[in-house]
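One letter stands for each residue in the lines below.
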Amino acid sequence: MTTRTQNLFTPVQVGPFTLNHRVVMAPLTRSRSIQPGDIPSDLMLEYYTQRASEGGLVISEATSISIGGRGWFGAPGMYSDEQVAGWKKITSAVHLKGARMFSQLWHVGRSSHVSMTNGAAPVAPSIDPQYWLDSNPVISTPGGWQKPSPHRALDISEISGIVEDYRKAAERAKAAGFDGVELHAANGYLPDEFLQDGSNKRTDAYGGSIQNRSRFLLEVVGAMVSVWGGNRVAVRIGPGGTWNHMSDSNSNALFDYVAAQINRFGLAYLHIIEPRVKGNVLIVEGQEPVATERLRKIFKGRIIAAGGFEPDTAEAVVEKGDADLVAFGRHFLANPDLPKRIKLGLPLNDYDRKTFYTFDFHGYTDYPFYEQQRDGSLSDPFCPQLGDSRFYFDSRLHAGAACVSANASLRSESKNRALVLDAFDTLFNKRDYAAAERYWSPNYIQHSAHIAPGREGLFNLIKSLPPTLKYEPGTVVADGDFVIVHGRFSDFGLPVNWIAADIVRIKDGILVEHWDVIQDEATQEQSKSGQPMFGSTFATYASAR
């Protein structure tokens, strides 16, 4: 298998970036943002961090550029400062894994419901009553799955405002730390609705001829390029795609023209969905990647192929030269370590369609890494070799299986995880000691060979370190009243960084107890507080809290 997949694991230049491999995480709508507000969540942070790999490319899920562009309940946005802050945590974590991340910008057009657009009618190039009367398109809304609301045709004077929404979203993506942006122009969303004559019946400068129908897409790409430069902008198209009631009378001519026209921007890549898939379902078994093969002859830059690929067919399309990279959706969803599994020929986890668009961690962050399946160890973004560490496995076991709070809900565990991340950021990075006091109990119990007892001991240690100290969280596991964080301390005046495993106990919304071990310094030394360190006493002590 390693020999058969050698092309997928050769370096490739994408825009200004050199990637180590060509296995791309496709954009995957997963509905896990914080509501209301469409704010990227800590659960999303864990999900993307799990799937980032050294030298890999991650494309974010489709991200709404405006309230009027929303159409999927639970999808994140890129139109508020709170959303930018949420995304910034995710891009930082992805970069720590050595990966690059592009933001896919999204306006759903007519594929929406008034409950998602603050009561406004969805917009489209033209009115097609059959679309909202058809039983096939369904919209994820706060009230469940519903038919789309009746849409209205955009006035020509409104189009420039939507182009400007894309430009502003591109600016926010840059502020959020992304490496580039991708325009979602497929699957029957607004740019695709302008392109295809099954949905575009306009008679003005944005309708009729292929040139006119392509005008909106080209203007949006131009706006995004004005923010990022061409080599950090990409476009996703779906030639011949029929999802969302789409059709065109001459699809080949249309997408040949689009591919030729976007050559002038010097894009990072063109992302092509094969017509053998409809939405997230393979509808034509055995069909070759025909769209990629055709457009390779026209588009001059990098091509990412998507839609129904398996490891062997992905290798084949790259070896043939029709694509430079391959995006995996369903398999990346179910295999956080997908590049490793493909490279080593390891078996893949099965995906569960029932959890694609639900709202908790099931079918999202609980798919196992291969090492977890093999021996129960934990893969970690900062130190993968911890899977072989007996100490780390024992500490997770004690903090997890031996110390589960039977009454803790999934919601409280999510809150606990967020609480600890906020507390650590406030103290270690922001150095706001007054604000930090609200996170730590005055009677804080410290188990550490490195930190003096109590809250004062912790705060005094941080005060003694240079202001350049930076803390970066890695894997975070919440289990009942306990949270375990594996993170890195850097820039504090020593020749090496510290990687620490911290377990904290939470009671009534504050941190009340802490176990600490610095990696490679876990000895039999007693803690300064006299409290027991990790070992045979931990489980008994913690379970008797």
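What counts and what doesn't
- Residues numbered from 1 in each chain as written.
- Predicted model: local features only at pLDDT ≥ 70, side-chain atom pairs only at ≥ 80, totals over all residues.
- Heavy atoms only, no water.
- Helix = DSSP H or I, 4+ residues; strand = E, 2+ residues; numbered from the N terminus.
- Buried < 20%, exposed > 50% of the residue type's maximum accessible area, 1.4 Å probe, protein only.
- Contact = heavy atoms within 4.5 Å.
- Areas by Shrake-Rupley, 256 points an atom, 1.4 Å probe, with all protein chains shown as cover.
- Axes fitted to C-alpha atoms, helices over the stretch in contact; angles between N-to-C directions.
- Left-handed = near helix turned anticlockwise from the far one by under 90°.
- Nonpolar A, V, L, I, M, F, W, Y, C, P; charged D, E, K, R; others polar.
- Pairing = 2+ DSSP bridges.
- 1 Å grid on protein atoms, 1.4 Å probe; cavity = no way out; pocket = protein on both sides within 12 Å on 5 of 7 lines; lining within 4 Å.
- Points joined across faces, edges and corners; volume = space filled by probe spheres on them.
- Core = buried A, V, L, I, M, F, W, Y, C linked by side-chain atoms within 4.5 Å.
- Parallel < 35°, antiparallel > 145°, perpendicular 65-115°, else oblique.
- Phe/Tyr/Trp six-rings, centres within 6.5 Å; stacked < 30°, edge-to-face > 60°.
- pLDDT = per-residue confidence, 0-100.
- Patch = residues over 30% accessible without salt bridge, like charges linked within 9 Å, V, L, I, M, F, W, Y side chains within 5 Å.
- Salt bridge = Lys/Arg side-chain N within 4 Å of Asp/Glu carboxyl O.
- Arc of directions from axis to C-beta.

Enquirer: Help me understand the overall build of the protein chain, please; the structure alone is not making it clear to me.
Expert: Across its full length, the protein chain carries 18 helices and 22 strands. Burial statistics for the protein chain: of 545 residues in total, 57% are counted as buried. Of all intrachain contacts in the protein chain linking residues separated by at least 6 positions in sequence, the fraction that spans at least 24 positions is 68%. Carbon and sulfur atoms form 52% of the exposed surface of the protein chain, whose accessible area is close to 21,400 Å².

Enquirer: Can you walk me through the packing of helix H4 (residues 156–175) against helix H7 (residues 215–228) in this structure?
Expert: Helix packing for two helices is described by the angle between their axes and how far apart those axes are. The N-to-C vectors of H4 and H7 enclose an angle of 35 degrees; their axes lie 9 Å apart at closest approach. The two elements H4 and H7 meet at a crossing, and its hand is right-handed. Here Ile159, Ile162, Val163, Tyr166, Arg167, Ala170, Glu171, Ala173 and Lys174 of H4 lie close against H7, whose contacting residues are Phe216, Glu219, Val220, Ala223, Met224, Ser226, Val227 and Trp228. Grouping the amino acids of the contact of H4 with H7 by side-chain chemistry returns 12 nonpolar, 1 polar and 4 charged.

Enquirer: Would you take a moment to explain the pairing of strand E6 (residues 100–106) for this structure?
Expert: Side-chain positions along a regular strand alternate between the two faces of the sheet. Of all 7 residues that make up E6, 6 are buried, and the element is covered over most of its length. One ladder, built from 3 bridges, connects strand E4 (residues 57–59) with E6; its direction is parallel. What sits directly across from Val58, in E6, is Met101. In terms of strand pairing, strand E5 (residues 63–64) meets E6 through 2 bridges, oriented parallel. Of the residues in E6, the one forming a bridge with Ser64 is Trp106.

Enquirer: Would you mind going over the layout of surface pockets with me for this structure?
Expert: In this approach, a probe sized like a water molecule rolls over the atoms, and the result shows the empty space that is left. Considered as a void within the structure, the second largest pocket measures approximately 880 Å³ in volume. Among the elements of the structure, E6, strand E14 (277–278), strand E15 (281–282), strand E17 (325–328) and helix H11 (330–334) are those that each provide at least two residues to the lining of the second largest pocket. It is H11 that provides the largest number of residues to the lining of the second largest pocket, a total of 3 residues.

Enquirer: Would you take a moment to explain the nonpolar core for this structure?
Expert: Soluble globular proteins tend to pack their nonpolar side chains together in the buried interior. Core analysis: the largest hydrophobic core is formed by 112 residues, its most contacted members being Tyr48, Phe216, Leu217 and Trp440. Top contributing element to this core by residue count: H7, with 10 residues. Core analysis: the second largest hydrophobic core is formed by 16 residues, Phe17, Val24, Ile59 and Ala268 among them.

Enquirer: Please clarify how the pairing of strand E21 (residues 498–507) should be interpreted in this entry.
Expert: Along E21, 8 of the 10 residues are buried, which leaves the element largely enclosed by surrounding structure. The pairing of strand E20 (residues 482–490) with E21 spans 8 bridges and is antiparallel. Paired with Val485 across the two strands is Asp502, which belongs to E21.

Enquirer: When you look at unusual backbone geometry in this model, what are you seeing that I'm missing?
Expert: Glycine aside, the phi torsion of most residues is negative, and most peptide linkages are trans. The peptide bond linking Gln35 to Pro36 adopts the cis configuration, its omega dihedral lying at -5 degrees. Among the secondary structure elements, Pro36 is positioned in the loop between strand E3 (23–25) and helix H1 (42–51). At Asp508, a position not held by glycine, the phi torsion is positive, near 55 degrees. Mapped onto the fold, Asp508 is located in the loop between E21 and strand E22 (510–518).

Enquirer: Would you take a moment to explain the packing of H1 against helix H2 (residues 81–96) for this structure?
Expert: Across the interface, H1 lies against H2 with an axial gap of 9 Å and an inter-helix angle of 20 degrees. Overall, the two elements H1 and H2 adopt an arrangement that is roughly parallel. Note on packing geometry: the crossing formed by H1 with H2 is right-handed. Here H1 contributes Asp42, Met44, Leu45, Tyr48 and Thr49 to the contact with H2, which in turn contributes Trp87, Lys89, Ile90, Ala93 and Val94. Here the residues of the contact of H1 with H2 sort into 7 nonpolar, 1 polar and 2 charged.

Enquirer: What is the right way to look at the packing of aromatic side chains in this model?
Expert: For any pair of aromatic rings, geometry is given as the distance between the ring centres together with the angle between the planes. In the structure shown here, the tally under the stated rule is 25 aromatic pairs. Taking the centre distance of 5.4 Å and the plane angle of 85 degrees together, the rings of Trp72 and Trp145 count as edge-to-face. Residue Trp72 is found in the loop between E5 and H2, and its partner Trp145 is found in strand E9 (residues 144–146); the two are separated by 73 residues along the sequence. The exposure class assigned to Trp72 is buried, which follows from its relative accessible area of 13%. Ring centres of Phe424 and Tyr471 lie 5.4 Å apart, and the angle between their planes is 70 degrees; this geometry places the pair in the edge-to-face category.

Enquirer: Quick question: what am I supposed to make of empty space enclosed by the protein here?
Expert: All told, the structure shown has 4 cavities of 30 Å³ or more when counted by the stated rule. The space that makes up the largest cavity amounts to roughly 190 Å³. Lining of the largest cavity is provided by 18 residues; of these, Phe428, Ile451, Leu461, Ile462 and Phe489 occupy positions nearest its centre. Elements that contribute at least two residues to the lining of the largest cavity include exactly helix H15 (410–429), strand E18 (440–447), helix H17 (454–464), E21 and E22.

Enquirer: How should I be thinking about the confidence of the model for the protein chain in this particular structure?
Expert: Fine structural detail should not be taken from predicted coordinates in areas where pLDDT scores are low. Mean pLDDT over the protein chain: 86, with 86% of residues reaching 70 or higher. When the criterion is pLDDT under 50, residues 375–411 qualifies, and its contacts beyond four places in sequence or with other chains add up to 75 contacts.

Enquirer: Help me understand the environment of Ile67, please; the structure alone is not making it clear to me.
Expert: One can find Ile67 in the loop between E5 and H2. Contact partners of Ile67, with chain neighbours within four places excluded, come to Tyr79, Met116, Thr117 and Asn118.

Enquirer: Explanation requested: a nonpolar patch on the surface in the structure shown.
Expert: Residues Val281, Ile283 and Val284 make up a contiguous nonpolar surface patch of roughly 200 Å² in combined accessible area. Secondary-structure assignment places Val284 in the loop between E15 and helix H9 (290–296).

Enquirer: Could you clarify how one ought to interpret the side chain of Gln104 in this entry?
Expert: Along the chain, the position of Gln104 falls in strand E6. In contact with Gln104, not counting residues within four places along its chain, are Pro27, Ile59, Ser60, Glu61, Ala62, Thr63, Glu182, His184 and Arg236.

Enquirer: Explain helix H8 (residues 251–261) here, please?
Expert: All of the buried residues in H8 are Ser251, Leu254, Phe255, Asp256, Val258 and Ala259. Those residues of H8 hidden inside the fold are in contact with helix H5 (190–195), helix H6 (210–213), H7, strand E12 (233–237), strand E13 (269–273) and H9.

Enquirer: Looking at this structure, how should I read helix H10 (residues 311–320)?
Expert: Side chains that are three or four residues apart share a direction in an α-helix, a result of its 3.6 residues per turn. Three or more residues of H10 are buried, namely Pro311, Ala314, Glu315, Val317 and Val318. Around the axis of H10, the buried residues are gathered within 165 degrees of arc, so they sit on the same side. What points out from H10, more than 90 degrees from its buried face, is the exposed set Glu319 and Lys320. Its buried side turned inward, H10 meets E17 and helix H12 (338–344). Gly321 occupies a position one or two residues after H10 and carries a positive phi of about 100 degrees.

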